[in-house]
Structure formats: structure tokens, C-alpha cells
Amino acid sequence: MPHTIAKILKFSLIVLLIAGMIWGINQIGVDQLRTEVQRFGVWSPIVLLGLRFVSIVIPILPGTLYALLAGGLFGFGVGLATIVVADLLACVMNFYLARRYGRSLVQKLVGAKFMERVDRFSQKHLEKNFFLATGFMMGGGFDFVAYGIGLTQMRWKKFLASLGLSLIVAKPPTVALGAGLFDGGQAVIGIAVISCFALAVVTALLNRQADSSSAE
């Protein structure tokens, strides 16, 4: 029960943060905000990339916020490229740190409170199931999954293939949602919401399957 309550609270917090971000941007004005961001030129996507990278290596804020911002501020193409590059670099870093330095360093980076999540993923035998690992990488806790997989015996090539496939499938819907929300594209919003919901369902089913397999 406490675990369920924690999940509900976390989801509610994410929803509030996203709603607050959208409200704030609408108050300022999307066009005005984009004009201010464009003053930084090529550095503006790089700054967002850096923030996203740090939030994955040292989990602080929900990465969904940065994905929505990338789509809203830079459009779908540039926004998606920014998020994919950031996630690729950060997840590779997470995997490397876990593989090279082990559990002790990972715990220092994520904190003792969240180390349980990393351990839970590392104990699901993901190194034996490519598609299960890919499914978890598509979920919201992919930063913890990358650390968890790094603590297993999965080879680099297999991890990179799993990570690459998850990025191709999971990142476009969230970035498209951000682009649609700030540009008023109702069709884009609808497709993105359905895609995000489908990904959430797939992740939940994979979690249940993995938990059942671990219990056997």
C-alpha cells in the first residue's frame, strides 16, 4: 500500500509540474519565450541537452518536463534530436558508471532512497531478455534502468541496441506532445497522448511480467 501511495503522489507531482510549466509559458507567451530562447542561437538546445543529461545521471526532476519543453521551444525535429542525444549520452554514462564503479557509486548519485529502484531493475534478469530490457528503457524510470542494467552482466552491444530501440519508440510521442501543446496542434496532441498512454500500459505489463517471473 505505501508503495502504491508513493506512485500516486509521484504521478500527481509530475502532472502538477507539467501543468504549472504550461501555464507559466502561456502566461509569458510562447512566441515571446521562443524569441528569448533564440537569442542564444545554437547554444539554446545545448543548454537544454545539458540540463536533461544531468537530470538523468543525477535524477532530480522528471525528464518528461525537458522533453515537453524541447518540443514546445524548438519544434518536433530539433526538440527530438536534442532529447535523443541527451538520453543516449546520459544512459550510456549511467551504464558505464554502474559497470565500472559498481553499486556504491550509483547509490551516491541516486541516493539511498532511490537505490531500491536500481536494485529492483538489476534483479529482474534483464540481461537475459532483450525485449524486456527495451520495454523498461521506454518507461519513465529509464535512468534507473540504465544504472540497473549496468549492474548486470549485459554486454555493451546488447545494451546499446536496447537503448537505441527504446529511444526510437518512446521519445517521439512526448516531444510531439510538447510541440502540439504549445502550437495548438490538436491532432498531434491526440496522437501523442494515445502513444504515451500505450507506452505506459506496455511498461506496466512488463513490470507485472517481470515481477511474476521473479516470484517463481
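Check the entry above for the structure.
Bear in mind that the values here come from a model prediction, so they are computed numbers and not experimental data.

(A) Broad picture of the overall build of the protein chain. Looking only at helices and strands, one finds 10 helices and zero strands in the protein chain. Expressed as a percentage of its 216 residues, the buried residues of the protein chain come to 43%. Pairs at least 24 apart in sequence give 76% of the contacts found in the protein chain among residues at least 6 apart.

(B) Structural detail: the nonpolar core. In terms of nonpolar packing, the biggest core is built from 27 residues, with Met-137, Tyr-147, Ile-149 and Phe-159 touching the most fellow members. When residues of this core are traced back to their parent elements, those giving at least two are helix 3 (43-57), helix 4 (63-101), helix 5 (103-110), helix 6 (112-122), helix 7 (130-137), helix 8 (142-150) and helix 9 (156-183). Here this core takes six residues from helix 8, the largest share from any one element. Residues within four places of Ile-149 in sequence aside, it is in contact with Phe-95, Arg-99, Leu-126, Ala-133, Met-137, Met-154 and Phe-159. Counting 10 residues, the second largest nonpolar core, distinct from the first, contains Leu-48, Ala-70, Phe-74 and Leu-80.

(C) Seen up close, the environment of Val-85. In this fold, Val-85 is placed in helix 4. In sequence terms Val-85 and Phe-53 are 32 residues apart; their C-alpha atoms lie 9.0 Å from each other.

(D) Representation of the packing of helix 6 against helix 8 within the structure. It is at 7 Å that the axes of helix 6 and helix 8 come closest, and there the two elements cross at 60°. Considered as vectors, helix 6 and helix 8 are oriented oblique to each other. In terms of crossing hand, the pair formed by helix 6 and helix 8 is right-handed. Taking contact as the criterion, the partners of Phe-114, Arg-117, Val-118, Phe-121 and Ser-122 in helix 6 are, on helix 8, Phe-144, Val-145, Tyr-147 and Gly-148. When grouped by side-chain class, the residues that make up the contact of helix 6 with helix 8 number six nonpolar, two polar and one charged.

(E) How the structure looks around the packing of aromatic side chains. Evaluated as defined, the whole model comprises seven aromatic pairs. Here Phe-95 and Trp-156 contribute two aromatic rings whose centre-to-centre distance is 4.5 Å and whose plane-to-plane angle is 70°, an arrangement assigned as edge-to-face. Residue Phe-95 is located in helix 4, and its partner Trp-156 is located in helix 9; the two are separated by 61 residues in the primary sequence. On the basis of relative accessibility, which here comes to 0%, the residue Phe-95 falls in the buried class. A relative accessible area of 33% means that Trp-156 is categorised as partly exposed.

(F) Spatial organisation of the packing of helix 7 against helix 8. Here helix 7 crosses helix 8 at 145°, and the two axes come no closer than 8 Å. Between helix 7, through Ala-133, Phe-136 and Met-137, and helix 8, the contact on the second element is made entirely by Phe-142, Val-145, Ala-146 and Ile-149. Of the residues contributing to the contact of helix 7 with helix 8, the split by class is seven nonpolar, no polar and no charged.

(G) Just the side chain of Lys-171, in detail. Inspection of the secondary structure assignment puts Lys-171 in helix 9. A relative accessible area of 8% means that Lys-171 is categorised as buried. Other than its neighbours up to four places away in sequence, Lys-171 contacts Arg-52, Leu-80, Ile-83, Val-84, Asp-87, Phe-142 and Ser-166.

(H) View of the pattern of salt bridges. Going through the model one piece at a time under the given rule, you end up with four salt bridges. Residue Lys-171 is joined to Asp-87 by a salt bridge in which the shortest nitrogen-to-oxygen separation is 3.1 Å. Note that Lys-171 is positioned in helix 9 and Asp-87 in helix 4, a separation of 84 residues in sequence. Glu-116 is the salt-bridge partner of Arg-120, the closest N and O atoms lying 4.0 Å from each other. Placement of the pair is Arg-120 and Glu-116 together in helix 6, with a separation of four residues, close to one helical turn.

(I) Broad picture of a nonpolar patch on the surface. Together, Met-93, Tyr-96, Tyr-101, Trp-156 and Leu-160 line one region of the surface with nonpolar side chains, adding up to about 450 Å² of accessible area. Among the elements that line the nonpolar patch, the one with the most residues is helix 4, at three residues.

(J) Quick look at the environment of Glu-127. Tracing the backbone shows Glu-127 in the loop between helix 6 and helix 7. Separated by 25 residues in the primary sequence, Glu-127 and Thr-152 place their C-alpha atoms 6.5 Å from one another. Not counting residues within four places of it along the chain, the set of residues in contact with Glu-127 comprises Thr-152, Gln-153, Met-154 and Lys-158.

Conventions and cut-offs
Residues numbered from 1 in each chain as written. Predicted model: local features only at pLDDT ≥ 70, side-chain atom pairs only at ≥ 80, totals over all residues. Heavy atoms only, no water. Helix = DSSP H or I, 4+ residues; strand = E, 2+ residues; numbered from the N terminus. Buried < 20%, exposed > 50% of the residue type's maximum accessible area, 1.4 Å probe, protein only. Contact = heavy atoms within 4.5 Å. Core = buried A, V, L, I, M, F, W, Y, C linked by side-chain atoms within 4.5 Å. Axes fitted to C-alpha atoms, helices over the stretch in contact; angles between N-to-C directions. Parallel < 35°, antiparallel > 145°, perpendicular 65-115°, else oblique. Left-handed = near helix turned anticlockwise from the far one by under 90°. Nonpolar A, V, L, I, M, F, W, Y, C, P; charged D, E, K, R; others polar. Phe/Tyr/Trp six-rings, centres within 6.5 Å; stacked < 30°, edge-to-face > 60°. Salt bridge = Lys/Arg side-chain N within 4 Å of Asp/Glu carboxyl O. Patch = residues over 30% accessible without salt bridge, like charges linked within 9 Å, V, L, I, M, F, W, Y side chains within 5 Å. Areas by Shrake-Rupley, 256 points an atom, 1.4 Å probe, with all protein chains shown as cover.

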